[in-house]
Amino acid sequence: MTARYWRQHNRLGMMSAGATVVAVVTFLIVWQYKNQLGQLGLVVAATQVIAGAGALVGVCHQVLQFVSSWRRSRAPLPAPTSTEITTAKDVLAGLVTQQWRDETALRSLCDPAPMPLAWRSTERRELADRSEIIADGTVAFSGLDVHIEAMVRNFRALRCRRLVILGGPGTGKTTLAVQLVLELLRTREPDEPVPVLLSAARWDDRAHPRLQDWLAASLAMDYPALHAAELGTDIPETLVARGEILPVVDGLDELPDHARADLLAALNRSMCGNDQLILTCRTEQFAESVEEIGDVLTAAAVIEPQPMGPEVAADYLQACLPPVPHPAWPTVIEALRTGAAPALAEVTSTSLGLWLVRATYIAPRVDPSPLLRYAHGSATELQDHLCDQLIPALVSARTPADGPPQPFRPRHAWTPEQVGRWLTYVCRQLTVSEDDTRDMAWWHLAGRMPNRRVRIWCGVGMGVVTGLVFFMLTKGMEQVGVVAGLLTASVVILMTDSWFTETPGHAELQLRGRLAELARVVMTALIIILVVASLGFLMGWLFGKQSIDAAWSSARNTGLAGVGFVIALNLIYWVEHPTVTATARSPRSTWRADRTLTVIRMISGLLVGLMAGFIAKEAKLPTTVAIVGGLLLGLLFGLVVGRHHAWLAYNLTVPRLAAKGSLPMRAMDFLDDAHRLGLLRTEGPYYQFRHIELQQHLTRELQEKGADKAFEPVPPW
């Protein structure tokens, strides 16, 4: 309440305070020169007294209102009533339903019916808890051809209603999760929790160790309508605390190895009693996490998909056709049903292949005859053909979201040609990688581009700017500008060599557990300052002809220089930490963290430069020269100091890639949108192709065309 009141009313308070200060200062000035101003001055002074009094009344009023609001905020807030909680659940259920109905329509997940992929309990007993803990009797996921209604009934029959959906790439895990959310909402009883689908990559278990804390924070951020006054106070926290939310956590596999294991352990720590949960993950990654923590997800049923038969796939495709389909479709359907199209039958045995056929031929309503041509060849050739048509189909179907960000819709408009070309460049980078052919990080872009020329140009540019500034400030001493420019250029060229191979970092400002390290930094700082100040005192005593004043002045100046050195080096190195893969939550988070670290270093450098400027001013240099020169050199110092400059190297690399047409200027925006389109996935700080088949297809195309011809300069945006 206090923070909200202050945000709403601080502008008026600041205006009142400002008016009071202006009135008082003006009155003092006028009163000081009242004899020269005469009668007019007395009138102005009286006017300022009245204005100042009015403004002071406004300030006092704001202070009293703020104090009153603060006192009210300390009083215990009334708990939400049962009616308010029921209303809030209905509001949330409506919002979630609308969100995922729109997405379902966009992806054609239930048009005309959910994809008929059979799911059954996993046969890998090491991945699931004991059956008697999961359900009374036999766990009811038989793998038969059942509809989503039966899946929901089976889920509700589980003792704790906890479910893990496993499967390989492209097997429809997220699709099933969305369908379960909608069916649970459609058939929800008033006393049942509201299912909410969330991305596992958003959960930082360091900031929110408990599942409940993360759920409350996510609800408050994603569904602001829950903050309506008529719903009561702290509704997100109340809904979570009362068990009124069913979290559907999607994409555990998109986290790095240790983070996956930590999150799985956090789920077991957080849940108790009848807490419900649905979790999706790739089978291999889930098995690795289970082995690492030595435990499964408590009381959770674990299901995996089963291959789809040709007749089932044919029935589904036929149901998806328009009333008057292309004349070639009956032939394609019959060939699939009777086994006359072996390659097509193999491809459509998974939800990915079935979805590819629908996305590339049924949705655009094009001639499906090519399916028959490829149907008698290999499944790989048919898969390549479908992948070739996938990017144009997805880009045209998923237009940018106009309102709040949505998980499966891009934020920016790209053409299919641009998306295909830029993803091919990503494939090229993965192909030439010696370490990993799957993980692509944004800081790898700088490490795989020649950097000597850009370093020289940056050094020359900064040297020219610095030289011109000093040249204009030091009239009659033009050689100072030349020397400053040459030194700046040399420092930039030499010090930026390592930028292009450095990994991202982040600023660790937390004191808990680091007090001993901070104490060592402070102790080192005090020793440096004491030694430097002592040397300054001694030099001032000797060169100042044994003058105490000169010695103390020299000690003060050198001590300030020592403080600047400590700020720029010791504390920066204490704050600066590498962003390791195990703790990185997403590519964008590491990009922002390294950017924040760069800003902190620049601000620290400016503070050091300001100190240096004051020291130079004490040394009888012109004030403008001292301050401006100190700030320039301090900024340069802040840029080059430290061990992590990945964000700076990225910004020096992307314009060159954009000029060649390899990536757009907004490279991170494009990669994020490719993730939303379903073309890329994230695992910690890395991007990966969501479907390995698409990566293999683009790689083969790249090898056939040749890397050089594939990246001839084109307009980058």
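What you see is a predicted model, and the numbers here were worked out from it, not measured in a lab. (Residues numbered from 1 in each chain as written. Predicted model: local features only at pLDDT ≥ 70, side-chain atom pairs only at ≥ 80, totals over all residues. Heavy atoms only, no water.)

J.: Is there a simple way to explain the overall build of the protein in this structure?
T.: From N to C terminus, the protein includes 28 helices and 10 strands. Classification of the 717 residues of the protein by burial places 48% in the buried group. Across the protein, every contact between residues at least 6 apart in sequence was considered, and the portion connecting residues at least 24 apart equals 77%. For the protein, the computed accessible surface area is about 35600 Å², with 62% contributed by carbon and sulfur atoms. (Helix = DSSP H or I, 4+ residues; strand = E, 2+ residues; numbered from the N terminus. Buried < 20%, exposed > 50% of the residue type's maximum accessible area, 1.4 Å probe, protein only. Contact = heavy atoms within 4.5 Å. Areas by Shrake-Rupley, 256 points an atom, 1.4 Å probe, with all protein chains shown as cover.)

J.: Can you walk me through helix α10 (residues 283–293) in this structure?
T.: Three- or four-residue spacings in an α-helix give side chains the same orientation, since the helix completes a turn every 3.6 residues. Those residues of α10 not exposed but buried are Thr-283, Gln-285, Phe-286, Ala-287, Ser-289 and Val-290. Once α10 finishes, Gly-294 follows within two positions and takes phi at roughly 70°, a positive value.

J.: Which parts of the structure should I look at to understand the nonpolar core?
T.: Formed by 154 residues in total, the largest nonpolar core has its most connected members in Leu-92, Leu-267, Phe-286 and Leu-423. In contact with Phe-286, not counting residues within four places along its chain, are Leu-127, Val-164, Leu-166, Leu-252, Leu-264, Leu-279 and Cys-281. (Core = buried A, V, L, I, M, F, W, Y, C linked by side-chain atoms within 4.5 Å.)

J.: Sorry, what's going on with the sheet that holds strand β6 (residues 301–305) here?
T.: By definition, the strands of a sheet pair up through backbone hydrogen bonds, in either a parallel or an antiparallel sense. Overall, mixed pairing links the six strands, which are arranged β1-β6-β2-β5-β4-β3 in an open sheet. The outermost strands of the open sheet, each flanked by one partner alone, are β1 (119–121) and β3 (194–199). On average, each strand axis in the sheet is tilted by 20° relative to the strand beside it, whichever way the strands run. In terms of strand pairing, strand β2 (residues 162–165) meets strand β5 (residues 277–280) through four bridges, oriented parallel. Counted as the bridge partner of Ile-165 is Thr-280 from β5. (Pairing = 2+ DSSP bridges. Axes fitted to C-alpha atoms, helices over the stretch in contact; angles between N-to-C directions.)

J.: I would appreciate a short explanation of the packing of helix α11 (residues 310–320) against helix α14 (residues 351–362) in the present structure.
T.: In a packed pair of helices, the relevant descriptors are the angle between the two axes and the axis-to-axis distance. Relative to each other, α11 and α14 sit at 25°, their axes nearing to 11 Å. The pairing of α11 with α14 is recorded here as roughly parallel in orientation. Once α11 is placed against α14, the crossing between them reads as right-handed. Residues Ala-313, Tyr-316, Leu-317 and Cys-320 of α11 form the contact with α14, whose own contacting residues are Leu-354, Val-357, Arg-358 and Ile-362. Its residues placed into classes, the contact of α11 with α14 shows seven nonpolar, no polar and one charged. (Parallel < 35°, antiparallel > 145°, perpendicular 65-115°, else oblique. Left-handed = near helix turned anticlockwise from the far one by under 90°. Nonpolar A, V, L, I, M, F, W, Y, C, P; charged D, E, K, R; others polar.)

J.: Teacher, can you tell me more about the pairing of β6 here?
T.: On a regular strand, one side chain projects to one face of the sheet and the next to the other, so that they alternate. In terms of burial, β6 is a largely internal element, five of the five residues being buried. What you see with β6 is no split at all: Ala-301, Ile-303 and Pro-305 on one side and Val-302 and Glu-304 on the other are buried throughout. Sheet topology places β1 next to β6; three bridges connect them, and they run antiparallel. Note that in β6 the partner of Trp-119 across the bridge is Pro-305. Where β2 and β6 come together, three bridges link them in parallel fashion. Looking at β6, one finds that Ile-165 is bridged to Ile-303.

J.: Whenever I open this one, the pattern of salt bridges confuses me. Can you help?
T.: Side chains carrying opposite charge are able to pair once their charged atoms draw close together. By the definition in use, this model includes 18 salt bridges. In this structure, Arg-700 and Asp-384 form a salt bridge, with 2.3 Å as the shortest nitrogen-oxygen distance. Of the two residues, Arg-700 sits in helix α27 (residues 692–705) while Asp-384 sits in helix α16 (residues 379–397), which places them 316 residues apart along the sequence. We note a salt bridge from Asp-497 to Arg-455, for which the minimum N-O separation is 3.5 Å. Here the residue Asp-497 occupies a position in the loop between α20 (478–495) and β7 (505–507), and Arg-455 occupies one in helix α19 (residues 452–473), the gap between them amounting to 42 residues. A relative accessible area of 12% places Arg-455 in the buried class. (Salt bridge = Lys/Arg side-chain N within 4 Å of Asp/Glu carboxyl O.)

J.: I would appreciate a short explanation of the side chain of Thr-466 in the present structure.
T.: Along the chain, Thr-466 falls in helix α19. Setting aside its immediate chain neighbours within four residues, Thr-466 contacts Ala-484 and Thr-488.

J.: Looking at this structure, I do not really get the packing of aromatic side chains. What am I missing?
T.: The geometry of an aromatic ring pair is captured by two quantities: the separation of the ring centres and the angle between the planes. This model, assessed by the stated rule, comprises nine aromatic pairs. Three or more aromatic residues link up through ring pairs in this structure, and these residues are Trp-442, Trp-443, Trp-591, Trp-647, Tyr-650 and Tyr-686. The side chain of Arg-588 reaches across the aromatic face of Trp-591, ending 5.2 Å from its centre. (Phe/Tyr/Trp six-rings, centres within 6.5 Å; stacked < 30°, edge-to-face > 60°. Lys NZ or Arg CZ within 6 Å of the ring centre and 35° of its normal.)

J.: What am I meant to see in the pairing of β3 here?
T.: Within β3, five of the six residues are buried, leaving the element largely enclosed by the surrounding structure. Inspection of the sheet shows β3 paired to strand β4 (residues 245–250) by six bridges, in the parallel sense. Pairing of Ser-199 across the sheet is with Asp-250, part of β4.

J.: Before we go on, may I ask you to explain the side chain of Thr-590 in this structure?
T.: Tracing the sequence through the fold places Thr-590 in helix α23 (residues 587–618). On the accessibility criterion, Thr-590 (1% relative accessible area) is buried. Looking at Thr-590, its side chain comes within polar contact range of the side chain of Trp-442, at 2.9 Å. (Polar contact = N/O pair within 3.5 Å; in protein donor to acceptor, adjacent residues only side chain to side chain.)

J.: Whenever I open this one, α11 confuses me. Can you help?
T.: Those residues of α11 that fall on the buried side of the exposure criterion are Ala-313, Ala-314, Tyr-316, Leu-317 and Cys-320. Seen end-on, α11 carries its buried residues on one side only, within an arc spanning 165°. Close packing links the buried residues of α11 with α12 (329–338) and α14. (Arc of directions from axis to C-beta.)

J.: Explanation requested: the environment of Ala-217 in the structure shown.
T.: Mapped onto the secondary structure, Ala-217 falls in helix α7 (residues 211–222). On a C-alpha basis, the gap between Ala-217 and Val-240 in space is 10.0 Å, while along the polypeptide they are 23 residues apart.

J.: Would you take a moment to explain the confidence of the model for the protein for this structure?
T.: Detail in the predicted coordinates should be disregarded across regions flagged by low pLDDT. Of all residues in the protein, 71% have pLDDT values of 70 or greater, and the mean over the chain is 76. A low-confidence stretch, residues 1–34 stays under pLDDT 50, and its non-local contacts, those more than four residues away or across chains, total 36 contacts. Note that pLDDT drops below 50 for residues 36–62; the model gives that stretch 26 contacts with residues more than four away or on any other chain. (pLDDT = per-residue confidence, 0-100.)

J.: Can you help me understand a nonpolar patch on the surface in this one?
T.: On the surface, Ile-456, Val-460, Val-464, Leu-468, Phe-471 and Met-472 cluster together to form a nonpolar patch covering roughly 530 Å² of accessible area. Its place among the elements puts Ile-456 in helix α19. (Patch = residues over 30% accessible without salt bridge, like charges linked within 9 Å, V, L, I, M, F, W, Y side chains within 5 Å.)

J.: Please clarify how the environment of Ala-413 should be interpreted in this entry.
T.: Structurally, Ala-413 can be placed in the loop between α16 and α17 (416–432). Relative accessible area serves as the criterion here: at 62%, Ala-413 is assigned to the exposed category. Note: C-alpha distance between Ala-413 and Thr-399 (14 residues apart in sequence) is 7.2 Å.

J.: Would you explain the packing of α11 against α12 in this entry?
T.: At a minimum axis separation of 7 Å, α11 and α12 run at an interaxial angle of 160°. In terms of orientation, α11 lies roughly antiparallel with respect to α12. Here α11 and α12 pass one another in a crossing that is left-handed. Contact residues: α11 offers Pro-310, Glu-311, Ala-313, Ala-314, Asp-315, Leu-317 and Gln-318, while α12 offers Ile-333, Leu-336 and Arg-337.

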